[in-house]
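# Coordinates in review
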Amino acid sequence: MFLALRELKHAKFRFFMIGMILLLISWLVFILSGLGNGLSTLSAAVFKNMDADYVVFEEGSRHSMLRSVISEDLVKDLKDQKNVLDAAPMGYRTAVVLKENISSDDEKIDVSLIGIHPGTFLEPETLEGNGLAKGKEREVIVDASLKDSGIQLGDTLEIEGTTQTIKVVGFVENQSFNHMPAVFMTLDMWREIHFAAPGSDMGIDKPVNAIMLQGKNISPEEIDQSLKGIETATKQEAINGVPGYTAENGTIMMMLAFLLSISAVVVSVFFYVITLQKSNQFGIMKAIGASNSFLGRSVVSQVFLLAATSIGLGILLTYGTAAIFPNLCT
């Protein structure tokens, strides 16, 4: 350590430049990791944050809410299955909403409509305002990001392409689906919107897209054998079934893997060249009694000090960036 500190002080500029490269590389890695995590969260935050362990879809739907339509009547049978503690139905569709009596295209907002029963474990905690209530079908709770679009408590929203209007009574946090803010409403209201066209429910009584299950050690195979026409997936499998989630995550992880690999090569080359330049010095030190282990510890200590300092500063810069640009880095 003594030799490493002495050399760092002696060649300040050289090691400052190497440290800056390490700092910038670590900063870039952390920012890309944050962006990747933020994108994946926007894609499936509703699934990630819900207090469920398994999801029941229509058989052959490939764990996708878009392809699945099953009956809510299955909830009772699912609750009777082994290790199932609770079950709750859920519906999903995309929509465009805008404030009542406003027709400007600039005011239109793409959202994900999520149909649930009030009071079930699928209803997120309300940060502001009230939650969903039975008998108040037109009242909804929405993701707090809609505040940035000028949505406030008490606002009435029109759903484009329908004659339906909804009233915002509460805000929730970090609830998005397919990169769009979530709007939670009662299942009855969701059905009115989603199955408005005659015959669109395919003759299914009380149609929903999926049923969420709570319970540990549930056997999807046993449930699928017990009840016909369904397929049971883990929560992670359901998240992977969100359109574009797997491809998006794979691309981001590939970018990070390449960046880390290239960074490791660049840093290794820097220290390899520096070590070669000091071969004459190491020869003299060995001649006066320095052991190989002493020289090795000196090089490793030097790398560790420089890397730890640079990465630490990179973490601080990342937090600073997140504080300045929260919507980009979280």
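Below, the structure is looked at part by part. For every chain, the first residue of the written sequence is number 1, and numbering continues from 1 along that sequence. Only residues with pLDDT of 70 or above have their local features reported here, since the model is predicted, and side-chain atom pairs are shown and tallied only from 80 upward, although totals for entire chains, interfaces and linings are computed over all residues. The basis for every side-chain value is the complete set of non-hydrogen atoms in the structure, without hydrogens or water.

## Describing the overall build of the protein chain
For the protein chain, the helix and strand inventory stands at ten helices and 13 strands. The globule rule used for comparison is 2.2 Å times the number of residues to the exponent 0.38, while the radius of gyration itself is calculated over C-alpha atoms. A globule of 330 residues ought to have a C-alpha radius of gyration of about 20 Å, yet the protein chain, at 28 Å, is considerably larger. By principal-axis analysis of the C-alpha atoms, the protein chain measures approximately 90 × 50 × 30 Å. By residue count, 42% of the 330 residues in the protein chain fall in the buried class. Two residues form a contact once any of their heavy atoms are found within 4.5 Å. Across the protein chain, every contact between residues at least 6 apart in sequence was considered, and the portion connecting residues at least 24 apart equals 76%. As used throughout, the charge tally considers Lys and Arg to be positive and Asp and Glu to be negative, leaving His and the chain termini uncounted. Throughout, a charge is located at the NZ atom of Lys, the CZ atom of Arg, the CG atom of Asp or the CD atom of Glu. Distance between charge centres in the protein chain, computed from 26 positive and 36 negative side chains, equals 14 Å. A helix here means a DSSP run of H or I that spans at least four residues, while a strand means a run of E at least two residues long, and both kinds are numbered starting from the N terminus. Burial classes: relative accessible area under 20% of the type maximum marks a residue as buried, over 50% as exposed, and values in between as partly exposed (1.4 Å probe, protein chains only).

## So, the side chain of serine 176
Mapped onto the elements of the fold, serine 176 is located in strand β9 (residues 176-177). Polar contacts here mean pairs of N or O atoms no more than 3.5 Å apart (in protein, one a potential hydrogen donor and the other a potential acceptor; neighbouring residues in sequence count only if both atoms are side-chain atoms). For serine 176, the side chain forms a polar contact with the main-chain oxygen of leucine 42, separated by 3.0 Å. Leaving out residues up to four positions away in the same chain, serine 176 has contacts with Thr41, Leu42, Ala44, Ala45, Val46, Pro181 and Ala182.

## Description of empty space enclosed by the protein
With a 1 Å grid laid over protein atoms only, a set of points is called a cavity when a 1.4 Å probe fits there but cannot get out and a pocket when it is open yet has protein on both sides within 12 Å along at least five of seven lines; lining residues have an atom within 4 Å of a point. Grid points are joined across faces, edges and corners, and a volume is the space filled by probe spheres set on the points. Enumeration according to the criterion identifies one cavity of 30 Å³ or more in this entry. As for the largest cavity, its lining consists of Val97, Leu98, Lys99, Glu107, Ile109, Ser149, Ile151 and Leu157. Sort the elements by how many residues they give to the lining of the largest cavity and strand β3 (residues 86-99) lands first, with three residues. Under the grouping applied here, Gly and all other residues not named as nonpolar or charged are polar, the nonpolar ones being Ala, Val, Leu, Ile, Met, Phe, Trp, Tyr, Cys and Pro and the charged ones Asp, Glu, Lys and Arg. Its residues placed into classes, the lining of the largest cavity shows five nonpolar, one polar and two charged.

## Observations regarding the side chain of lysine 235
Residue position: lysine 235 is located in helix α6 (residues 235-240). One speaks of a salt bridge when a side-chain nitrogen belonging to Lys or Arg is within 4 Å of a carboxyl oxygen belonging to Asp or Glu. There is no salt bridge for the buried lysine 235, and the closest opposite charge comes from aspartate 51, which lies 6.5 Å off by N-O distance. Ignoring any residue separated from it by four or fewer positions in sequence, one finds lysine 235 in contact with Phe47, Lys48, Met50, Ala52, Asp53 and Tyr54.

## A look at the environment of glycine 154
With respect to the helices, strands and loops of the structure, glycine 154 is situated in the loop between β6 (139-143) and β7 (156-159). The spatial distance from the C-alpha of glycine 154 to the C-alpha of serine 176 is 21 Å, given a sequence separation of 22 residues. Among residues more than four places away in sequence, those in contact with glycine 154 are Lys167 and Val168.

## Digging into the packing of aromatic side chains
Each pair of aromatic rings taken from Phe, Tyr and Trp, with Trp reduced to its six-membered ring, is defined by centres within 6.5 Å and is described as stacked if the planes are under 30 degrees apart, edge-to-face if over 60, and tilted in the remaining cases. Applying the stated criterion across every chain yields a total of three aromatic pairs. Members of the aromatic cluster, joined through ring pairs, are Phe47, Tyr92 and Phe177. We note lysine 147 situated over the ring of phenylalanine 171; from NZ or CZ to the ring centre the distance is 4.8 Å. Comment: the charge-over-ring label is applied if NZ (Lys) or CZ (Arg) is within 6 Å of the ring centre and within 35 degrees of the ring normal.

## Quick word on the pattern of salt bridges
A complete count under the given rule lists seven salt bridges for this structure. Note that glutamate 72 is salt-bridged to arginine 191, the shortest N-O span being 2.4 Å. Highlighted residues: glutamate 72 in the loop between β2 (70-71) and α3 (74-79) and arginine 191 in helix α4 (residues 187-194), separated in sequence by 119 residues. Of the residues examined, arginine 191 reaches a relative accessible area of 13% and is grouped as buried. Note that glutamate 128 is salt-bridged to lysine 147, the shortest N-O span being 2.6 Å. With a gap of 19 residues between them, glutamate 128 in strand β5 (residues 128-129) and lysine 147 in the loop between β6 and β7 connect regions that are remote in the sequence. Lysine 147 gets classed as partly exposed once you look at its relative accessible area, which sits at 38%. Overlapping salt bridges, with partners in common, bring together Glu72, Asp188 and Arg191 in one network.

## Thoughts on unusual backbone geometry
Positive phi, normally seen in glycine, also occurs at histidine 63, with a value near 60 degrees. One can find histidine 63 in the loop between β1 (54-58) and β2. With a phi close to 60 degrees, asparagine 217 is a non-glycine residue in the positive phi region. Position of asparagine 217 among the secondary structure elements: in the loop between β12 (210-214) and α5 (220-226).

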